[in-house]
Amino acid sequence: MSDDHAFDGITIEAMRKKRGAKWQRYGDQVLPCFVADMDFGLALPIHQVLSEQLAAQDYGYTMGFADRPLAEIFAAWAERRFNWTVDAGRIEGLVDVVQGIYLTMHLFTEPGDGVVTLTPTYPPLWQSIDRMGRRLIDSTLVRGTQHYEIDFDDLRSKLDANTKLMLLCNPHNPTGRVFNRSELESLAELVLEHNLIVLADEIHADLVYTPHRHIPFATLSPEIAERTITMTSATKSFNLGGLRFAIAIFGSQALQDRFNAWPKGALGGLNSLGILATETAWRDCDDWLDALVRYLKGNRDFVYDELKSRIPLIDVFSPEGTYLAWLGCERLAINPDPFEHFLEAGKVAFSPGPNFGSGGDGFVRMNFATSRSIAGELLDRVVASLPAPTRP
Ligand SMILES: Cc1ncc(COP(=O)(O)O)c(C=O)c1O
């Protein structure tokens, strides 16, 4: 079976049998496209290795992080995929990226310190700031002609002596931006000027569409690497969200030592299936990932073209990376909360825009990591839910 067939062949009936949140939360009448899980099955090497472990009923404690090959496997992956030379000794395991975000804030800033992020953004990235008693500094991305852009004047004007940390999401959820070198270098200038530490959440790094390329923030210069903690996992690209495993890559020994001052026991242990699947993904699944990205690029173009032609009043850019489309619904004559409208009238569950912070009102986020036919049915429902004057 070709990979394309594996991606294309999935059906709603099969999906409804899944136990995860995506297909369970809203019940049997709704088509879900909210949480960032894909509907696709696993790459064969991952499926095989997990099946073997289950068949052997091998659920015991795993060897510790330092005794597993994960760090070397990731370093080879980073070199191969991103031309990024990573010291394997500078990698630590986490339960998940969100844990890493909270812990970084706890360890590297004090209550009341400013933490800056570009909104709209992945909810934990902006919500964690207030929840940790830090001061949220959000600079809202602006609509350019081709894509969303960083408003550097706004960003610069908001940074102050008390700003300590930047939470950077690149590729960017939910706008689908893959920031280019010039944008990243401008960010790097501000980071150095204000002596910031950077947490670069690069979990969507594999999901980038040509001609765009992911540039790890830590590769910009040695000075930037020294103040950058990169977090990533195989959960988005290989559909392993429920297995809970992620890594942090420290650009300097000083950052890593500060992180390791936190007692290991308070981090939680390793999930044996999560680390095994991740090792396999980053060692044996390049071809599957390349086929996935080709299929997703087709979906991206399909969704974009359909929306542009069938609902011209929706504001949408073609995402440069991620399997997420950020849909501006302000010009549609629907309930001020488009999420509620599409759920009630269309039986489609998007992610609500306001969850993504400033710049999110009037928007929904669509996950298009599904078969083209399910994406088509979803869009049919969206079109049919609209009041007649909004439809072509
Ligand atoms: C930008 C970003 N960071 C982190 C996560 C979640 O990562 P984890 O499940 O490892 O906490 C997501 C999931 O969608 C995400 O989009």
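As the structure is a computational prediction, the values presented were derived from the model and not from experiment.

Peer 1: Please explain the overall build of the protein chain as it appears in this structure.
Peer 2: In terms of helices and strands, the protein chain carries 15 helices and 14 strands. For 392 residues, the compact-globule estimate of 2.2 N^0.38 gives 21 Å, and the protein chain sits close to it at 21 Å. Taken along its principal axes, the extent of the C-alpha atoms in the protein chain is 60 × 60 × 35 Å.

Peer 1: Can you help me understand the site of the ligand in this one?
Peer 2: Around the ligand there are 13 residues in total, and Ala 36, Asp 96, Val 97, Val 98 and Tyr 122 lie nearest to it. Residue composition of the shell around the ligand, by class: seven nonpolar, four polar and two charged.

Peer 1: Explain the sheet that holds strand 14 (residues 363-367) to me, please; I cannot follow it from the model alone.
Peer 2: In a beta sheet, neighbouring strands are held together by backbone hydrogen bonds and run either parallel or antiparallel to one another. Judged by pairing direction, the sheet is antiparallel, and its three strands sit side by side in the order 11-14-13 without closing on themselves. Looking along the sheet, the strands with just one partner apiece sit at the ends: strand 11 (324-328) and strand 13 (351-352). Where strand 11 lies against strand 14, five bridges are found, and the strand directions are antiparallel. Across the sheet, the residue bridging to Gly 328 is Phe 363, located in strand 14.

Peer 1: Where do I start with the domain arrangement of the protein chain in this structure?
Peer 2: Often, the extent of an interface is quoted as the loss of accessible area on bringing the components together. In terms of domain boundaries, the protein chain breaks down into domain 1 (3-43 + 286-384) and domain 2 (53-284). Sorting the residues of the side of domain 1 that touches domain 2 by element identifies helix 13 (286-310) and strand 11 as the ones contributing at least two each. In terms of residue count, helix 13 provides more of the side of domain 1 that touches domain 2 than any other element does, five residues in total. Along the lines of polarity and charge, the residues of the side of domain 1 that touches domain 2 split into 15 nonpolar, nine polar and five charged.

Peer 1: What exactly am I supposed to notice about unusual backbone geometry here?
Peer 2: The phi torsion of most residues other than glycine is negative, and most of the peptide bonds are trans. With an omega of 20 degrees, the peptide bond running from Asn 173 to Pro 174 counts as cis. Residue Pro 211 follows Thr 210 across a cis peptide bond; omega there is 10 degrees. Look at Asn 83: it is not a glycine, yet its phi comes out positive at around 60 degrees. Note on placement: Asn 83 falls in the loop between helix 5 (70-82) and strand 2 (91-94). Positive phi, close to 75 degrees, is recorded for Thr 322, a residue that is not glycine. With respect to the secondary-structure elements, Thr 322 resides in the loop between helix 13 and strand 11. You can call Thr 322 buried: it has 30 C-beta atoms within 10 Å.

Peer 1: Please explain the pairing of strand 10 (residues 246-250) as it appears in this structure.
Peer 2: In regular strands, side chains alternate between the two faces of the sheet. Most of strand 10 sits out of view: five of its five residues are buried. Burial along strand 10 is two-sided: Ala 246, Ala 248 and Phe 250 facing one way and Ile 247 and Ile 249 facing the other are all buried. Pairing of strand 2 with strand 10 involves four bridges; the strand directions are antiparallel. Bridged to Glu 92 within strand 10 is Ala 248. Here strand 9 (residues 228-232) runs beside strand 10; their pairing, made up of four bridges, is antiparallel. Paired with Ile 229 across the two strands is Phe 250, which belongs to strand 10.

Peer 1: Where do I start with the packing of helix 13 against helix 15 (residues 372-385) in this structure?
Peer 2: The relative placement of two packed helices comes down to the angle between their axes together with the axis-to-axis distance. Where helix 13 contacts helix 15, the axes come no closer than 11 Å and their chain directions differ by 20 degrees. Classified by the angle between their axes, helix 13 and helix 15 sit roughly parallel to one another. Here helix 13 and helix 15 pass one another in a crossing that is right-handed. On helix 15, the residues touching Gly 298, Asn 299, Phe 302, Val 303, Glu 306 and Arg 310 of helix 13 are Arg 372, Ala 375, Leu 379 and Val 383. Tallied by class, residues from the contact of helix 13 with helix 15 come to five nonpolar, two polar and three charged.

Peer 1: When you look at the environment of Ala 205 in this model, what are you seeing that I'm missing?
Peer 2: As for its placement among the helices and strands, Ala 205 is situated in the loop between strand 8 (197-201) and helix 10 (222-225). On the neighbour-count criterion, Ala 205 (24 C-beta atoms within 10 Å) is buried. Sequence separation between Ala 205 and Ile 334 is 129 residues; the distance between their C-alpha atoms is 35 Å. Dropping the residues within four chain positions of it, Ala 205 is found in contact with Phe 82, Pro 171, His 214 and Thr 232.

Peer 1: Please clarify how the sheet that holds strand 4 (residues 135-140) should be interpreted in this entry.
Peer 2: Strand order across the open sheet formed by seven strands is 2-10-9-8-7-3-4, with mixed pairing between neighbours. Each edge of the open sheet is held by one strand with a lone partner, namely strand 2 and strand 4. This sheet shows a mean twist of 20 degrees between the axes of neighbouring strands, independent of strand direction.

Peer 1: Sorry if this is basic, but what is going on with helix 12 (residues 272-284) here?
Peer 2: With 13 residues, helix 12 should reach 18 Å at 1.5 Å per residue; the first-to-last C-alpha distance of 18 Å fits that figure. When helix 12 is considered as a whole, its buried residues turn out to be Leu 273, Gly 274, Ile 275, Leu 276, Ala 277, Thr 278, Glu 279, Thr 280, Ala 281 and Trp 282.

Peer 1: Even after reading the chapter, I still don't get the nonpolar core, so can you show me in this structure?
Peer 2: Within soluble globular proteins, side chains that are nonpolar generally end up buried alongside one another. Counting 109 residues, the largest nonpolar core has Phe 74, Leu 168, Val 198, Leu 199, Val 348 and Phe 350 as its most contacted members. Residues from two domains meet in this core; each of domain 1 (3-43 + 286-384) and domain 2 (53-284) gives at least three. If we skip the residues at most four places from it in the chain, Phe 74 touches Val 86, Ile 91, Ile 247 and Trp 282. If you look at the next biggest cluster of nonpolar residues, it comprises five residues, including Leu 141, Tyr 148, Ile 150 and Leu 155.

Peer 1: Teacher, can you tell me more about the environment of Ile 197 here?
Peer 2: Within the secondary structure layout, Ile 197 lies in strand 8. Its 20 C-beta neighbours within 10 Å are what place Ile 197 among the buried residues. Between the C-alpha atom of Ile 197 and that of Leu 292, which follows or precedes it by 95 residues, the distance is 34 Å. Contact partners of Ile 197, with chain neighbours within four places excluded, come to Phe 108, Lys 164, Leu 165 and Arg 227.

What counts as what
Residues numbered from 1 in each chain as written. Predicted model: local features only at pLDDT ≥ 70, side-chain atom pairs only at ≥ 80, totals over all residues. Helix = DSSP H or I, 4+ residues; strand = E, 2+ residues; numbered from the N terminus. Rg over C-alpha atoms; globule rule 2.2 N^0.38 Å. Near = placed C-beta within 6 Å. Nonpolar A, V, L, I, M, F, W, Y, C, P; charged D, E, K, R; others polar. Pairing = 2+ DSSP bridges. Domains from an automatic or database assignment. Buried ≥ 20, exposed ≤ 12 C-beta atoms within 10 Å, placed from the backbone. Axes fitted to C-alpha atoms, helices over the stretch in contact; angles between N-to-C directions. Parallel < 35°, antiparallel > 145°, perpendicular 65-115°, else oblique. Left-handed = near helix turned anticlockwise from the far one by under 90°. Contact = placed C-beta atoms within 7 Å. Expected span 1.5 Å × (residues − 1). Core = buried A, V, L, I, M, F, W, Y, C linked by C-beta atoms within 7 Å.

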